[in-house]
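Single-letter residue listing:
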Amino acid sequence: MTDTPQAGTPPTGPETTGHEWDGIAEYNNPLPRWWLITLYATIAWAFAYWIAYPAWPLLTGYTGGLLGYSQREAVLGEVEAVRRDRDARGQAQLASASLDAIRADPALLRLALATGKAAFGDNCAGCHGGSATGATGYPNLQDDDWLWGGTPEAIERTIRTGARSGHGETHLGDMPAFGRDGLLTRAQIQAVAGYVLSLSGRPGTPAATLDAGREVFAGTCAGCHGETGTGNPEMGAPNLADAISLYGASPEQVVATISHGRKGVMPAWEGRLDPATIKSLAVYVHGLGGGR
Amino acid sequence: MPLAEPTQPAVAAPMAAGPGRTKTFGLRATRAAIPAVSGSLYAARTKIHPEAVRGTFRTIKWVLLAVTLGIYYLVPFLRWDRGPGAPSQAVLLDLDRGRFYAFAIELWPQDVTYVMGLLILAAFVLFLMNAVAGRVWCGYVCPQTVWTDLFMAVERLIEGDRRARLKRDAAPWTAEKLARRGAKHAVWLVIAWWTGGAWVLYFADAPTLVGQLATFRAPPVAYAAILILTATTYTLAGHMREQVCTYMCPWPRIQGSLTDAHSLNILYRRDRGEPRTAVKKAAALRAAGQPAGDCVDCFACVTACPAGIDIRDGLQLDCIQCGLCADACDTVMTRLGRPTGLIGYDTEANCRSRAEGRGPVSRMLRPRTILYGLLVAGVGGFMLTSLATRSLTGLSVLHDRNPQFVPLSDGSIRNGFTLRIVNKRPVARRFALAVEGLPEARVEVVGGTPEALAVPADATQEFRVLVFAPRAARLAPTTPLSFRITDPASDETAGTRDHFKAP
């Protein structure tokens, strides 16, 4: 058994690739057979794929493949499947159930809140902010102060028809430009602004101005904002006696509001969003914490 | 396809000389044959036909094979009473509900840190085993080794031992060869199928799933898993065998850095064996006062090796240290009336020291083994402590990121929080919520009351909590709040801290 091949380097040494780096040569060992077969199999697979599936761009189109697969159609099918799945999961129920029924059913409520949250981010966040806190001129929907009413039904109506939107049933309210149109004198505006600020407990208005302002308010503003300034959601007249001011509560801002009037616009979403989504939005906005 | 001419003629040439006296012994021999087939794109694997051996290590391996396979196949059928509504399987990975059960332990997905700890522990145990006694894992309990051993036993039972198999490999196809080959592959496939079958039982109630599988009502994923595991077991244990260890497994490479000259390894004691000399010649040499080693160069160790290597070349990458060469050598040495142990567990340092005429120098306690031992004890102790003292009630609070606070029409400030209560007990519970830090504050729970937050059994529940601070409160921009839930029935509590934000 003396001619048994011994482990280690055979007399001539293993073949190398001929490359050498810092005295280190690379063995030119052949690959395992299974490895090579795998490589050829992947190459064959590529050819089979070219024939079976869309692969090569042509001048006006592309090679369609024998299986007739189309990624676009596959996606459309998936979208359709998602829609069916959503209906099966209660989206269809959302469309037919009343707001109270939605809020009473935990599963439906969860679905409405999730739908509403997504729809809010897509459609409402542009003006009201991603967290619904609004901005100057765009109402904060997190708080408990509502121009057009804070019940789920009132919120749904507002989303549906908008405000001054051109929709047939849209909310319409008109705060005149008392200064620009000459309805009140500059002094009257200063006085009534001071009075309005005092309504929400903001100090700094002299007693004499207050009396003058109260007089102007009773004659000019109380019709919409009420005797005590608590507002009227029927006309979108804001509550002036609370801590929240849509257009700012500095004397200058209040004077500007009275002088030039305010006509905030909110688009009507009926026809742009389906009824289930509008209901979901109403439930979501009501559930932000300030709903009535 | 431009496949090169196979290397078969060059490699198979010695085979043709006589299968019983073949002189190719696996990888090393194949590599030696490479220059003759220069230019070929691949080297065909030389099939290894290990010879059956008897001895200490073989017995240990049979016992461990029975124990490990027994654990694998039978554990899913162990029962463990967890009360009504909870699964009664002792070990169960419930993917649908995201729970892992192991006897008295129930883990949730957020307890995945224990799995990480277990992996760290396993790594350190492997390191320790390697520093003490080499590739104990590879040689005795690695699934690849255990299943390959089982498949080889089947092969030996049906096709005979090494010589019979070599002869049959070289012989033309006959009905008998076809029958034996077919029977072997059939038994292999049954074992492989059973392997996959046992695997899926860890993921569902075992007796139920067995019934479903038998009546073809099991979920498709179960059949798919069984199919995949059947294929991998059949391929890896039946066909790829030592190639998995040599080419696919990273452990042989890592092992090199974990073992040292003082680690026990299956070694050829070359100080005793060299120079290799035939029995009669050795007697003559010794009579003449010349050195002669105990190794008679009989190749019993090589033909017994399931990895196809020659242990006498020293510690090497392909060696899984299963000890079968030691058994083979011991059998020969006993027959020759020489002491056993020419191949056995020893250390490189001892071999070297003996060759220089000194005694053994290796010791088990070395900085390396002590450090690994301490790490194993430390990680294990930490995990046990944290597992034993973990709470089955949990509370996490998330302050609304945006808006951080909401001024309300009456001048008060509202903060919104999302609470998640974790109830790891198998019963539904009601918790009372207390929020401290703002004495004037009012707490509201949307859709509930702070006194009774209902959480279902073995579940988590989310609550939206609103905290109102009145206008009169003098609020700093940030006021610390503490949230605490208490289960009045068991007095178990959990708490966490957050803040109340104001303008």
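Please read these numbers as outputs of a predicted model, since none were measured by experiment. (Residues numbered from 1 in each chain as written. Chains lettered and ligands numbered in written order. Predicted model: local features only at pLDDT ≥ 70, side-chain atom pairs only at ≥ 80, totals over all residues. Heavy atoms only, no water.)

This paragraph deals with the packing of aromatic side chains. Residues and elements named next belong to chain B. A full pass over the atoms with the stated rule returns 19 aromatic pairs over all chains. Seen in terms of ring centroids, Tyr72 and Trp147 are 5.3 Å apart; in terms of plane orientation they differ by 85°. Their pairing is edge-to-face. Of this pair, Tyr72 sits in helix H3 (residues 56-74) while Trp147 sits in helix H6 (residues 143-159), placing them 75 residues apart in sequence. Overall, the relative accessible area of 12% leaves Trp147 in the buried class. Ring geometry for Phe127 against Tyr372: centres 5.6 Å apart, planes inclined by 55°, an arrangement best described as tilted. Of the two residues, Phe127 sits in helix H4 (residues 112-133) while Tyr372 sits in helix H18 (residues 367-388), which places them 245 residues apart along the sequence. (Phe/Tyr/Trp six-rings, centres within 6.5 Å; stacked < 30°, edge-to-face > 60°. Helix = DSSP H or I, 4+ residues; strand = E, 2+ residues; numbered from the N terminus. Buried < 20%, exposed > 50% of the residue type's maximum accessible area, 1.4 Å probe, protein only.)

Residues and elements named next belong to chain B. Strand order across the open sheet formed by three strands is E2-E3-E4, with antiparallel pairing between neighbours. Either end of the sheet is taken by a strand with one partner, and the two such strands are strand E2 (91-94) and strand E4 (105-107). Taking each pair of neighbouring strands and ignoring which way they run, the sheet shows an average axis angle of 10°. Note: strand E3 (residues 99-102) against E4, three bridges, orientation antiparallel. The partner of Ala102 across the bridge, within E4, is Ile105. (Pairing = 2+ DSSP bridges. Axes fitted to C-alpha atoms, helices over the stretch in contact; angles between N-to-C directions.)

Our focus in this paragraph is empty space enclosed by the protein. All names here are of chain B. Throughout the structure, instances matching the rule amount to six cavities of 30 Å³ or more. Thr148, Asp149, Met152, Pro306 and Ile320 are the residues nearest the centre of the largest cavity, which is lined by 25 residues in total. Put simply, the parts of the chain that give the lining of the largest cavity at least two residues each are H3, H6 and helix H11 (242-248). Ranked by residues supplied to the lining of the largest cavity, first place goes to H6 with seven residues. (1 Å grid on protein atoms, 1.4 Å probe; cavity = no way out; pocket = protein on both sides within 12 Å on 5 of 7 lines; lining within 4 Å. Points joined across faces, edges and corners; volume = space filled by probe spheres on them.)

A few words on the environment of Leu74 of chain B. Residue and element names in this part refer to chain B. Secondary-structure assignment places Leu74 in helix H3. Take Leu74: its relative accessible area is 55%, and that puts it in the exposed class. Note: C-alpha distance between Leu74 and Asp313 (239 residues apart in sequence) is 41 Å.

Let us look at the UniProt feature "transmembrane region" (unreviewed entry) in chain A. Within this structure's numbering, the places UniProt gives as "transmembrane region" (unreviewed entry) are residues 34-52 of chain A. Across residues 34-52 of chain A, helical content stands at 100% and strand content at 0%; the span's end C-alpha atoms are separated by 26 Å. (UniProt positions renumbered as here; feature names shortened; annotations may be inferred.)

All names here are of chain B. A sheet is described by the order of its strands in space; here four strands give the open sequence E12-E10-E14-E15, paired in antiparallel fashion. Taken across any chain shown, the strands that pair with only one partner, and hence form the sheet edges, are strand E12 (453-455) and strand E15 (492-501). The sheet shows a mean angle of 30° between the axes of neighbouring strands, direction not considered. Two strands pair when backbone bridges link them, and strand E10 (residues 429-436) and E12 are joined in this way by three bridges, in the antiparallel orientation. Looking across to E12, one finds that Arg429 is bridged to Val455.

Caution applies to low-pLDDT parts of the model: their predicted coordinates are not meant to be read in detail. Overall, the prediction assigns chain B a mean pLDDT of 87, with 92% of residues at 70 or greater. In this model residues 1-37 of chain B is a low-confidence stretch, pLDDT under 50, and it forms 58 contacts with partners more than four residues away in sequence or in other chains. (pLDDT = per-residue confidence, 0-100. Contact = heavy atoms within 4.5 Å.)

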